[in-house]
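Take a look at the letters that make up each chain.
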Amino acid sequence: MIAGIALIAGIVLGLILRPTVPTWLEPYLPIAVVAALDAVFGGLRARLDGIFDAKVFVVSFISNVLVAALIVFLGDKLGVGSQLSTAVVVVLGIRIFGNAAAIRRHLFRA
Amino acid sequence: MTGPDKPDDRALASARLLIDLVTNTLDPGYAEAAARREAGAPRRRYDRPAVAVGCLLVGFLLVLAYVHTHRGAPEAAKVHDSLVSRVRAAETGGNSLAARVRDLERQLAAAQDAALPKSGAIARDLDLAQLQAGQLAVSGPGITVTLREPAAPTASPDPGRGGTTAIGDTNILTDRDVRSVVNELWHDGAEAISVNDVRLTPTSAIRFAGEAVLVDFQPITSPYRIRALGDADNLSTNFAESSVASRYQTLVGVDGIGFGFTESGNLKLPGSGPVKPRYASVPPTKKRGNR
């Protein structure tokens, strides 16, 4: 409930403020989005499993975003930025799919 | 995973990592936290605000990415459109200036005709000088040399990055090829040459910018038609025997370029605008008459 309200508030805030992303931050945005989606689906599944924990949710979200950004940063510096981005997206994508499947099983029992 | 017949632990390590990745999609932190908490533990004070802040951040991030992506795309399109319109405007500007030049040249010619005697040494001298300078449109016998890129050019190696490839990477024929043919034709006795209807003058330059060959700063593309006026028989014989021609005959077989030359009895070459020397001038001490 409060999570949904906060999510909508965040969306509205973003739409109102329309912040410009600094150029140096641009490469990390897509990866950060994927990491955030991973955290959201993980949290949703944990809630449906009945083991949701606010601290784990927030910490995993922030650390996911930071680690993903760090990996991309290192990759860019070492010349393997796109490859590492792909790796991050693949790993997080698998997790998102797995969690989405678990959520689906919870919701539809199928 | 912990069967009795575990083959080699290390050999299976990577496979296990992948299996783990696919099967354990949930952050193990949740299970651990739940185990630590035990059932029925009271909710901590910061639980709700933490979830709220986390969700706020997520929503903000998603919208940030969305807005950024969709604001970037029209920007790029806008820049592209404005560049295209600027190029178009510059092209029409250039065309109207060229038309004005032709118009003024006609007036100049009319004025010259009116001022100078119709025949005589001065008129002949002037005509000859203008002819040699490439200012007058000329016609006469000559040959046409055609160079053409292969029909299906090799795909550019890195299509993702435009504008960074040199002409030699994507095109087989470059300014150097056009230049060598032109030089060979001068050498074979051509009196006037045009490349794709751009008349060459004593100050003409053939070079390249990006992926286009520039003749006197006018971009031209394949096929390159180089027309040379002169004794058609001599020109074609000399050209056929030249090393330049044999090189391109070889390239026809190797790279599949188009190459050929034909004699023709009456070629028309356009004139170029008058070229004003910017640095060269007649020494002031000498009178122009006594050369």
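Coordinates for the structure precede this section.
A brief structural summary.

So, how was this worked out
- Residues numbered from 1 in each chain as written.
- Chains lettered and ligands numbered in written order.
- Predicted model: local features only at pLDDT ≥ 70, side-chain atom pairs only at ≥ 80, totals over all residues.
- Helix = DSSP H or I, 4+ residues; strand = E, 2+ residues; numbered from the N terminus.
- Buried ≥ 20, exposed ≤ 12 C-beta atoms within 10 Å, placed from the backbone.
- Contact = placed C-beta atoms within 7 Å.
- Pairing = 2+ DSSP bridges.
- Axes fitted to C-alpha atoms, helices over the stretch in contact; angles between N-to-C directions.

For chain B, the helix and strand inventory stands at eight helices and eight strands. Buried positions account for 19% of the 291 residues belonging to chain B. A sequence separation of at least 24 residues applies to 77% of the contacts in chain B between residues at least 6 apart.

Backbone-to-backbone hydrogen bonds join strands into a sheet, with any given pair of strands oriented parallel or antiparallel. Residues and elements named next belong to chain B. Pairing is antiparallel in the open sheet, where five strands are placed in the order E3-E2-E7-E1-E8. Each having just a single partner strand, strand E3 (198-199) and strand E8 (258-269) make up the two edges of the open sheet. In this structure, strand E1 (residues 138-148) lies alongside strand E7 (residues 224-229), joined through six bridges in antiparallel fashion. Residue pairing in the sheet places Ile 143 in a bridge with Ala 228 of E7. Most of the contacts of helix H7 (residues 232-241) go to E1, to which it runs at about 25°, and overall it touches E1, E7 and E8.

A few words on the sheet that holds strand E4 (residues 206-209) of chain B. Residue and element names in this part refer to chain B. Overall, antiparallel pairing links the three strands, which are arranged E4-E5-E6 in an open sheet. Every interior strand has two partners, whereas the edge strands, E4 and strand E6 (218-220), have only one. When strand polarity is set aside, the average angle formed by the axes of neighbouring strands in this sheet is 40°. Where strand E5 (residues 212-215) lies against E6, three bridges are found, and the strand directions are antiparallel.

Attention shifts here to unusual backbone geometry. Of note, the phi angle at A:Arg18 is positive, near 45°, even though the residue is not glycine. At B:Phe217, a position not held by glycine, the phi torsion is positive, near 70°. Positionally, B:Phe217 belongs in the loop between E5 and E6. In this structure B:Phe217 comes out as exposed when scored by C-beta crowding, with 10 C-beta atoms within 10 Å.

Listed as interface residues are 30 residues of chain B and, on the opposing side, 38 residues of chain A. Counting residues per element, the ones that place at least two in the side of chain B that touches chain A are helix H1 (9-23), helix H2 (28-37) and helix H3 (47-115) of chain B. No other element matches the 20 residues that H3(B) contributes to the side of chain B that touches chain A.

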